[in-house]
Every structure is written in structure tokens, then in C-alpha cells.
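# Geometric and topological summary
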Amino acid sequence: MNPQRPVNTFRTAPAPTPRPKTSNASAQRTQPAGRKPVSEKKASSGRWQQARRIMREHPLLERVYWFAIKAFLWLFFGSFGYVIVLKYVPVWVTPLIVSRWMDTFGTDESSQVYKKWRSYDTISKEAALAVVSSEDQAFPTHWGFDFDEIQDAIKENQTRKRPRGASTISQQVAKNVFLWNGRSYIRKGLEVYFTALIELIWGKKRILEVYLNVAETGPMTFGVEAASQRYYGHSSATLSRDEAARIAAVLPNPRLFSIKKPSAYIQRRTRQIARQMRYLGGQKYIRNL
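The text that follows walks through the structure, step by step, so that each part is easy to find. (Residues numbered from 1 in each chain as written. Predicted model: local features only at pLDDT ≥ 70, side-chain atom pairs only at ≥ 80, totals over all residues. Heavy atoms only, no water.)

## Some words on the overall build of the protein chain
The secondary structure content of the protein chain amounts to 12 helices and three strands. With 289 residues in all, the protein chain has 35% of them scored as buried. Considering only contacts within the protein chain whose residues lie at least 6 apart along the sequence, 68% involve residues at least 24 apart. (Helix = DSSP H or I, 4+ residues; strand = E, 2+ residues; numbered from the N terminus. Buried < 20%, exposed > 50% of the residue type's maximum accessible area, 1.4 Å probe, protein only. Contact = heavy atoms within 4.5 Å.)

Structural data, given as C-alpha cells:
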């Protein structure tokens, strides 16, 4: 009697196994990447329909909603157009100038504003180099924000009594030309927006030109041309290195520090800026803006 042959398990078809039921969670995981699950689409559509129904039931709310949308679009495209215009037109008035002028009301301070616009090519490059050396040495290379300087300022301000700023020249121009004085998250957010716009539309040379013409350089004095004529008696085209360095030295607080009567601190800071101008290589540092 022959022994029983073993069953060939490789050729015998396996018995069908019942297919497990797919839960909603697993069905969502197996959907193609990039597509929202059907339940999420229905939920978002339902929320939108609910919001539309609420607005139809409250006409005033709907008018407010569309007014906000239109106002946002007008402000966005209006600001974009204004930045384009100021790329070619001199900046005669800024919110800071108006604010300083209004501050003189009811006081003995003169309300006369000293300001004269000069093109970048007619201003001594010593003045341009001085403000870059003093305020923003990474100006030729950054895209509006110096993140290394921001990190350093955050660390230092944890122990300093008076916080140190880290605004670039581009940020200062955005703040002075387009925004109001004060500290708030809204103003800071708008400063970031306008800084990005002028970096994109104006370019470095125009930003520096506007800064040299609108920066506050003394009481009711704005721009290096007005400061040069008022305190040195000659045009900004002939500013020397030391004269330009002294103008830059008072920029952190031109209402407290004086170009005409420099304190010991301003004289020391002037020498430091002049040395830094030499270390940067002189005017060739800003030649290719």
C-alpha cells in the first residue's frame, strides 16, 4: 500500500478570505494625496452656506462684509500704485514731518520746516557711506531685513534697560514715508509690507536717496541737504567725511543730539563712524547699489 502523498499547497487555490470592512478613517487615509476628504469638503461647504445664509438674513452685516473686501482691495492696489509713483517723484512730505509740525502748535518752538530735496547723484557719497556705516552696514546685500542683527538685538534687550533697535535703512524709510509714529503690531506688520514693496520696486539706490532726503537730522530739519546748509553753511554736495559722520552720529535721536554743538558723546561717535567708513573701503563700498 502506497503511503499517502502530501498535498501540493503551491497549486491548490487558497480559500477566499472575507474582506475587512473599511472604516471612514482608513478610507480617508487611502484617498489620493492633495485631495480633501469628502467629509471635510462637505463641512467647509456647509460652513460657507451657513455664513451666506446669516448674511442674507442680516443685510447690514452683508454690506459691512463687502465694504471691508472693497476697502482692502482699494488699499492694497492703492499702496502698490503709491509706491510705484514715489519711485520717480520726490518725497516732499512724510507723516513724520506733519507730526513734528503739528507738535509746534501752542508752543514757543518755530514751525518752520527745513527740508530740501536733492538727487542721489548731487549728494556727497561721504554722506551716503556715513549713514550706511552708522545705521545699516549690511544694506548693500540684505533684502530689507537684517536677521542677524535682529537676533543680536533680541538677546541684548533681555538685559538692557533701553531696548536696542535693529531696523534697517529700508525699514526706516518704510516707516517714515508711509506710516505713523508709535508701536503696535499693526504698524509693524505694515512696516514689513512696505519694506518688501520698496525693496522690490525701488531698489537700493532709490531707497538710500529717499533716506538721505527724509531722515530727521535736527529740530524741524529733514535730510542731509537741509542739515548741511543749516549747520555747515554749504551744500551737501561738498560734505567732508567728518561732516557726514557727524550728521550720521545724531541720527538715533536728532532732537536730543546736536550737529552744531556736538557733545563729547557725539564727537566720539563721529570718530567711530569715520573709522568705520575707512574700514569698509570708502565710497567703493556703496558704488554698485
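## Examining the packing of aromatic side chains
Scanning the entire structure with this criterion turns up 11 aromatic pairs. Ring geometry for Trp 101 versus Phe 105: centroids 4.8 Å apart, planes at 75°, classification edge-to-face. Take Trp 101: its relative accessible area is 37%, and that puts it in the partly exposed class. Summarising the aromatic geometry, the rings of Phe 178 and Trp 202 are spaced 6.1 Å apart at their centres and angled 40° between planes, so their arrangement reads as tilted. Placement of the pair is Phe 178 in helix H7 (residues 169-178) and Trp 202 in the loop between helix H8 (185-201) and helix H9 (204-214), with a sequence separation of 24 residues. Across the pair, exposure class does not vary: Phe 178 and Trp 202 are buried alike. Chaining the aromatic ring pairs together yields one cluster made of Phe 76, Phe 77, Phe 80, Tyr 82, Phe 178, Tyr 193, Phe 194 and Trp 202. In this structure, Lys 125 packs its charged tip against the face of Tyr 120, placed 4.8 Å from the ring centre. Positioned over the ring face of Trp 202 is Arg 206, at 5.9 Å from the centre of the ring. (Phe/Tyr/Trp six-rings, centres within 6.5 Å; stacked < 30°, edge-to-face > 60°. Lys NZ or Arg CZ within 6 Å of the ring centre and 35° of its normal.)

## Quick notes on the sheet that holds strand E1 (residues 114-115)
Spatially, E1-E3-E2 is the arrangement adopted by the three strands of the open sheet, whose pairing is mixed. Whereas interior strands pair on both sides, the edge strands pair on one side only; in this sheet they are E1 and strand E2 (216-218). As defined by bridge partners, E2 adjoins strand E3 (residues 221-222) across two bridges and the pair is classed as antiparallel. Bridging from a neighbouring strand, Glu 216 pairs with Phe 222 of E3. (Pairing = 2+ DSSP bridges.)

## Structural notes on a positive patch on the surface
The grouping of Arg 268, Arg 271, Arg 275 and Arg 278 at the surface amounts to a positive patch. Note on placement: Arg 268 falls in helix H12 (residues 264-279). (Patch = residues over 30% accessible without salt bridge, like charges linked within 9 Å, V, L, I, M, F, W, Y side chains within 5 Å. Areas by Shrake-Rupley, 256 points an atom, 1.4 Å probe, with all protein chains shown as cover. Salt bridge = Lys/Arg side-chain N within 4 Å of Asp/Glu carboxyl O. Lys, Arg positive; Asp, Glu negative; His and termini not counted. Charge placed at Lys NZ, Arg CZ, Asp CG, Glu CD.)

## Some words on the side chain of Lys 204
Secondary-structure assignment places Lys 204 in helix H9. Within the structure, Lys 204 has its side chain in polar contact with the backbone oxygen of Phe 139 (distance 2.8 Å). Only 2.7 Å separates the side chain of Lys 204 from the backbone oxygen of His 142, close enough to count as a polar contact. Ignoring any residue separated from it by four or fewer positions in sequence, one finds Lys 204 in contact with Phe 139, Pro 140, His 142, Gly 144, Ser 170, Glu 199 and Leu 289. (Polar contact = N/O pair within 3.5 Å; in protein donor to acceptor, adjacent residues only side chain to side chain.)

## Things to note about H9
Burial within H9 is extensive, with 10 of its 11 residues counted as buried. Within H9, the full set of buried residues consists of Lys 204, Arg 206, Ile 207, Leu 208, Glu 209, Val 210, Tyr 211, Leu 212, Asn 213 and Val 214.

## Brief notes about the pattern of salt bridges
Applying the stated rule across the entire model yields nine salt bridges. A salt bridge links Glu 225 to Arg 118; its shortest N-O distance comes to 3.7 Å. Of this pair, Glu 225 sits in helix H10 (residues 224-232) while Arg 118 sits in the loop between E1 and helix H5 (125-135); the two residues are 107 residues apart in sequence, bridging distant segments of the chain. Taken together, the shared-partner salt bridges connect Arg 187, Lys 188 and Glu 191 into one network.

## Thoughts on the environment of Ile 247
In this fold, Ile 247 is placed in helix H11 (residues 241-249). Since its relative accessible area comes to 2%, Ile 247 is described here as buried. Put simply, Ile 247 and Val 224 are 23 residues apart on the chain and 7.5 Å apart in space, counted from C-alpha to C-alpha. Those residues in contact with Ile 247 that lie beyond four places of it in its chain are Thr 217, Val 224, Ala 227, Tyr 232, Leu 239 and Ile 259.

## Some thoughts on the environment of Lys 115
Take Lys 115: it is sitting in strand E1. Given a relative accessible area of 19%, Lys 115 falls into the buried group. Sequence separation between Lys 115 and Ala 226 is 111 residues, and the spatial gap between their C-alpha atoms is 5.1 Å. Among all residues touching Lys 115, those that are not within four sequence positions of it are Val 91, Trp 92, Ile 97, Asn 213, Phe 222 and Ala 226. Within polar-contact distance, the side chain of Lys 115 engages the backbone oxygen of Val 91 at 3.0 Å.

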